[in-house]
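# Survey of secondary and tertiary structure
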Amino acid sequence: MEELVALCKRRGFIFQSNEIYGGMQGLYDYGPLGVELKNNLKHSWWTSMVYDRDDVEGLDASILTAPNVLKHSGHEDTFTDPMVDCKSCQSRWRADQLKEATCPSCKSNDLTEPRPFNLMFKTSVGPIDDGKSFAYLRPETAQNIFTNFKNVVDSTSRRLPFGIAQIGKAFRNEITPRNFIFRVREFEQMELEFFCAAGTDEEWHKLWIESRLKWWEDQGVSKDVLELYHVPADELAHYSKATVDIMYKFPHGLEELEGIANRTDFDLGSHSKNQSELGINATVKENNASNAKLAIQDIETNEWSVPYVIEPSAGVDRGVLAVLNEAYRVETLDGGKERTVLSLKPHLSPIKAAVIPLKRNHEGLVDMASKIKSELQNLRLGRILIENSGNIGKSYRRHDEVGTPLCITVDFESLEDGTVTVRDRDTMEQKRVSVDEIKTQLHEMLLNGTNV
Ligand code: GAP
């Protein structure tokens, strides 16, 4: 972990937030390369969830959430972690994470009884801070998928089964944020709520688990390093009938990367009041929630029903940590020198190719390199960089370390015959090729890499 954290800071992937003022626990900023990697991972998820399928629509809803939504979803009452205080040093801990009943900070055994601590952040809304006009920062992106269910169905005429996908920020006031970007207070989720008929839910649950394992494999996190954890009944979230977590061996241990839950008709049912009056019947008891009829009509039987929901929910930040950890290696070369490489899948690499003139500021070489850069950039395949350092060895080392799959060197021969040298990040093999050949190579590399 320490090596990864150091690399992330040195090369501009991830920085601690508010660092110049001493930093803030559980918050991180993505730098010039981090934002590219994160966007690429999100784009790959969106492509596989929305574009490659014919049964999913997208959504981008607000973060500030009305208290009523999180009341009826059950979060106000149950979205808690058990907290204990150390009476000696006043530090606070998550009771379920303490190995013994001992304070990890001062080793005292004088701890309070565990009590529930709600993880939701609140903020006041509008000009008067009277404690009544407040909103929550959403603790999961899922809820405004449920509250927009009718809008999406009415505007797209979707029938079951179909899904709504969303990528966005979520906030949790974690008692003990830790392990770099693994457990933070502000993070991003990639969530799909897949609506299906009751009775087909268990089959869809299995299909989604398989599909998500395949997707992680396509991102460079193979099945061999993942484990499925069938969450026992007494650990299930309040909305879940069954949850399977995809567990990954992070540098600090085996932990959850993604959860795939069968949320039944709990959420849509909880947000619809007077269900019998609305002509629907969810397994949730009637309540005083919204008047919306969060149900769908079967066009053959004309019957209304509240769909069941399968929810694959992945953390973007945990995904970034997992792909970085899988890609990172230090190799010893012939002669004993070491090189650090990030063997990221090309579609995730922050920079797709670096174009390097052999001599710094040489007019002819820099000119040609700039033209090649523009030509490749115009393919719209991601970021292409010109590296006018004049030090080829140093440029190769830098680009190995940030995961750039191709380095293209423009030399004096290039000025004569238009060919350039292409070096492959993983094999370090170098080939003399034309610019057209590089275009084909870039296209193929990215298509094969994405393959989702
Ligand atoms: N809508 C379901 C839901 O939110 P969850 O298991 O609480 O379920 C889903 O969260 C995913 O969000 C987790 O698998 C994890 O990847 C990510 N996640 C949750 N809490 C996080 C945190 N404090 N920091 C970073 N990622 C987190």
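Residues numbered from 1 in each chain as written. Predicted model: local features only at pLDDT ≥ 70, side-chain atom pairs only at ≥ 80, totals over all residues. Heavy atoms only, no water.

### Some words on the pattern of salt bridges
Spelled out, the test is: The term salt bridge refers to a pairing of a side-chain nitrogen on Lys or Arg with a carboxyl oxygen on Asp or Glu at a separation within 4 Å. Residue burial is assigned from relative accessible area. The probe radius is 1.4 Å, only protein chains are included, and a residue is buried under 20% of its type maximum, exposed over 50%, and partly exposed in between. Strands here mean DSSP runs of E at least two residues long; helices mean DSSP runs of H or I at least four residues long; both are numbered from the N terminus.
Counted according to the given criterion, the structure contains 35 salt bridges. As a salt-bridge pair, Asp85 and Arg92 come within 2.7 Å of each other at their nearest N and O atoms. By relative accessible area, Asp85 is classed as buried at 15%. Between Arg183 and Glu255 there is a salt bridge, with its nearest N and O atoms 3.9 Å apart. In this pair, Arg183 sits in the loop between strand S10 (162-171) and strand S11 (186-196) while Glu255 sits in strand S14 (residues 253-264), placing the two residues 72 residues apart along the sequence. Put simply, Arg329, Glu331, Arg339, Asp400 and Arg423 are held in one network by salt bridges that share partners.

### Some words on the packing of helix H2 (residues 32-51) against helix H7 (residues 201-218)
Heads up, the rule is: All axes are obtained by fitting lines to C-alpha atoms, using only the stretch in contact for helices, and the reported angles, taken between N-to-C directions, cover 0 to 180 degrees. The labels follow the angle: roughly parallel below 35 degrees, roughly antiparallel above 145, roughly perpendicular from 65 to 115, and oblique for the rest. Here is the rule for handedness: rotate from the far helix to the near one, and if that takes an anticlockwise turn smaller than a right angle the crossing is left-handed, while a clockwise turn gives right-handed. Whether two residues touch is decided by their heavy atoms; if any such pair falls within 4.5 Å, the residues are in contact. Each residue receives one of three labels: charged for Asp, Glu, Lys and Arg, nonpolar for Ala, Val, Leu, Ile, Met, Phe, Trp, Tyr, Cys and Pro, and polar for the others, Gly being one of them.
Across the interface, H2 lies against H7 with an axial gap of 12 Å and an inter-helix angle of 140 degrees. Between H2 and H7, the crossing angle belongs to the class labelled oblique. Judged by the twist between their axes, the crossing of H2 over H7 is right-handed. The segment H2 lies against H7, with Leu41, Ser44, Trp45, Ser48 and Met49 engaging Trp208, Arg212 and Trp215. Looking at the contact of H2 with H7, its residues break down into five nonpolar, two polar and one charged.

### Some thoughts on the site of the ligand
The condition is simple: A molecule or strand has a residue near it when one of that residue's heavy atoms lies within 4 Å. Nitrogen and oxygen atoms within 3.5 Å of one another constitute a polar contact, given that in protein one can donate a hydrogen and the other can accept it, and given that sequence-neighbouring residues count only through two side-chain atoms. Computed with a 1.4 Å probe, the accessible areas rest on the Shrake-Rupley method; for each residue, only the protein chains presented here act as cover.
In the vicinity of the ligand lie 19 residues, with Glu140, Arg172, Glu174, Glu191 and Glu256 positioned nearest. One of the side-chain N or O atoms of Arg172 is found 2.8 Å from an oxygen atom in the ligand. The separation between a nitrogen atom of the ligand and a polar main-chain atom of Val184 is 2.8 Å. With the chains in place, 91% of the 550 Å² that the ligand exposes on its own is no longer accessible.

### Points about the packing of aromatic side chains
Keep this limit in mind: A pair of Phe, Tyr and Trp rings is counted when the ring centres sit within 6.5 Å of each other, with Trp represented by its six-membered ring. The angle between the planes then sorts it: under 30 degrees is stacked, over 60 is edge-to-face, the rest tilted. Note on criteria: charge over ring means Lys NZ or Arg CZ within 6 Å of the ring centre, with the direction from the centre no more than 35 degrees off the ring normal.
Applying the stated criterion to the full structure yields twelve aromatic pairs. The interplanar angle of 80 degrees and the centroid separation of 5.2 Å between the aromatic rings of Tyr28 and Phe180 together place this pair among those described as edge-to-face. One end of the pair, Tyr28, is in strand S2 (residues 28-30); the other, Phe180, is in the loop between S10 and S11, with 152 residues separating them in the sequence. An aromatic cluster is defined as three or more aromatic residues linked by ring pairs; in this entry it consists of Phe146, Phe149, Phe162 and Phe195. Directly above the aromatic system of Tyr239 lies the positively charged group of Arg263, at a separation of 3.4 Å from the ring centroid. Over the ring of Trp304 we find Lys293, and its NZ or CZ is 4.0 Å from the ring centre.

### Concerning unusual backbone geometry
Here Leu160 and Pro161 are connected by a cis peptide whose omega angle stands at -5 degrees. Considering the arrangement of structural elements, one finds Pro161 in the loop between helix H6 (149-156) and S10. If you check the backbone angles, Asn179 has positive phi at about 60 degrees while not being a glycine. Mapped onto the elements of the fold, Asn179 is located in the loop between S10 and S11. For Asn179, a relative accessible area of 26% gives the class partly exposed. Positive phi, normally seen in glycine, also occurs at Asn361, with a value near 60 degrees. The topology assignment puts Asn361 in the loop between strand S20 (351-357) and helix H11 (363-377).

### Description of the nonpolar core
The condition that has to hold: Nonpolar cores are built from buried Ala, Val, Leu, Ile, Met, Phe, Trp, Tyr and Cys residues. Side-chain atoms within 4.5 Å join them into one set. Domain limits in this description derive from either an automatic procedure or a database domain assignment.
Core analysis: the largest hydrophobic core is formed by 53 residues, its most contacted members being Phe13 and Val320. Broken down by element, this core gets its largest block of residues, seven residues, from helix H10 (residues 316-327). Residues from two domains meet in this core; each of domain 1 (2-78 + 122-323) and domain 3 (351-448) gives at least three. Look past the residues within four positions of Phe13 in its chain and what remains in contact with it is Leu7, Cys8, Asp29, Tyr30, Gly31, Leu33, Gly34, Leu37, Leu324, Leu342, Pro350 and Val402.

### Section: the sheet that holds strand S24 (residues 430-434)
The condition that has to hold: When DSSP finds two or more bridges between a pair of strands, those strands are recorded as paired.
Spatially, S21-S20-S22-S23-S24 is the arrangement adopted by the five strands of the open sheet, whose pairing is mixed. Edge strands, defined here as strands with exactly one partner in the open sheet, are strand S21 (383-386) and S24. Between one strand axis and the next, the sheet turns by 25 degrees as a mean value, whatever way the strands run. Summarising the sheet, strand S23 (residues 419-424) and S24 pair through five bridges and their orientation is antiparallel. The partner of Thr419 across the bridge, within S24, is Ser434. Across the sheet, helix H12 (residues 392-402) lies against S20, S21, strand S22 (406-410), S23 and S24, angled at about 175 degrees from S20, the strand it touches most.

### A closer look at H6
Because each turn of an α-helix spans 3.6 residues, side chains separated by three or four positions in sequence point in the same direction. Counted only if it meets this: The reported arc concerns the directions from the helix axis to the C-beta atoms and nothing else.
Listed as buried for H6 are Phe149, Val152 and Val153. End-on, the buried residues of H6 take up no more than an arc of 95 degrees, which puts them together on one face. Summarising the geometry of H6, the exposed residues directed more than 90 degrees from the buried face are Asp154 and Ser155. Just past H6, the residue Ser157 takes up positive phi, approximately 55 degrees.

### Details of the domain arrangement of the chain
Put simply, an interface is often sized by how much accessible area is lost when its parts join up. This is how the line gets drawn: Accessible area that two parts lose when put together, evaluated with a 1.4 Å probe and summed over both, is termed the buried area.
According to the domain assignment, the chain consists of domain 1 (2-78 + 122-323), domain 2 (80-118) and domain 3 (351-448). Taking the mean C-alpha position of each, domain 1 and domain 2 sit 29 Å from one another. Each side of the interface is counted separately: domain 1 has ten residues, and domain 2 has ten residues. For the pairing of domain 1 and domain 2, the buried interface totals around 760 Å² over both sides, and the portion due to carbon and sulfur atoms is 48%. Ranking the residues of domain 1 by area buried against domain 2 places Thr78, Ile175 and Thr176 at the top, with a combined share of 57%. On the surface where domain 1 and domain 2 come into contact, there are one salt bridge. Across the salt bridge formed by Arg94 and Glu174, the nearest N and O atoms sit 4.0 Å from each other. At the boundary of domain 1 with domain 2, the tally comes to five residue pairs in polar contact (both at pLDDT 80 or more).

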